[in-house]
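# Architecture and fold: a report
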Amino acid sequence: MIAFELMQTATSGVAQTLHTLATTPLAEEAPKGIDTNGVVTFFASKIAPILLAVLGVIFIGRASRGEISKVLTSSAIAIVGLAFIAGAATLFFVGDYLIDLIFE
């Protein structure tokens, strides 16, 4: 009789524990992707100004030595590079708009 009561108490305890575990929400999964917006913002706000400042110092150093033609050539290349970067960003937003337009 005592063994039967012990078994019944243990069974009800296990059932209550399993019910509690079944109704408890699991932790949310960690995000698996890379926050590309954060990466782009970081590069645009921290890295790009430093690189432009370095280019400016190089251009000023060359200009002070009388290498104006090299400075103009390098400046033109830098401006064309910035135009390509701006064009790529523009195409990214235009492509995103077209995808939203087509698939909505």
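Scroll up to find the structure this text is about.
Residues numbered from 1 in each chain as written. Predicted model: local features only at pLDDT ≥ 70, side-chain atom pairs only at ≥ 80, totals over all residues. Heavy atoms only, no water.

### Notes on the side chain of Ser 74
Rules: Helix numbering and strand numbering both begin at the N terminus, where a helix is a DSSP run of H or I of at least 4 residues and a strand a DSSP run of E of at least 2. Contact between two residues is taken to exist if any of their heavy atoms lie within 4.5 Å; hydrogens are not considered.
Tracing the backbone shows Ser 74 in helix α3 (residues 68-103). Once residues within four sequence positions are removed from consideration, Ser 74 is found in contact with Phe 59 and Arg 62.

### Thoughts on the packing of aromatic side chains
Each aromatic ring pair is specified by the distance between its two centres and by the angle formed by the two planes. Put simply, the rule reads: Pairing of aromatic side chains requires ring centres within 6.5 Å, counting the rings of Phe and Tyr and the six-membered ring of Trp. Pairs whose planes differ by under 30 degrees are stacked, by over 60 edge-to-face, and all others tilted. Exposure categories follow from relative accessible area, calculated using a 1.4 Å probe and restricted to protein chains: below 20% of the type maximum is buried, above 50% is exposed, and the middle band is partly exposed.
Considering all chains together, one arrives at one aromatic pair under this definition. Centre to centre, the rings of Phe 42 and Phe 43 are 5.9 Å apart; their planes meet at 70°, and the pair counts as edge-to-face. For Phe 42, a relative accessible area of 44% puts it in the partly exposed group. Relative accessible area serves as the criterion here: at 45%, Phe 43 is assigned to the partly exposed category.

The values are spatial; any link to function lies outside them.
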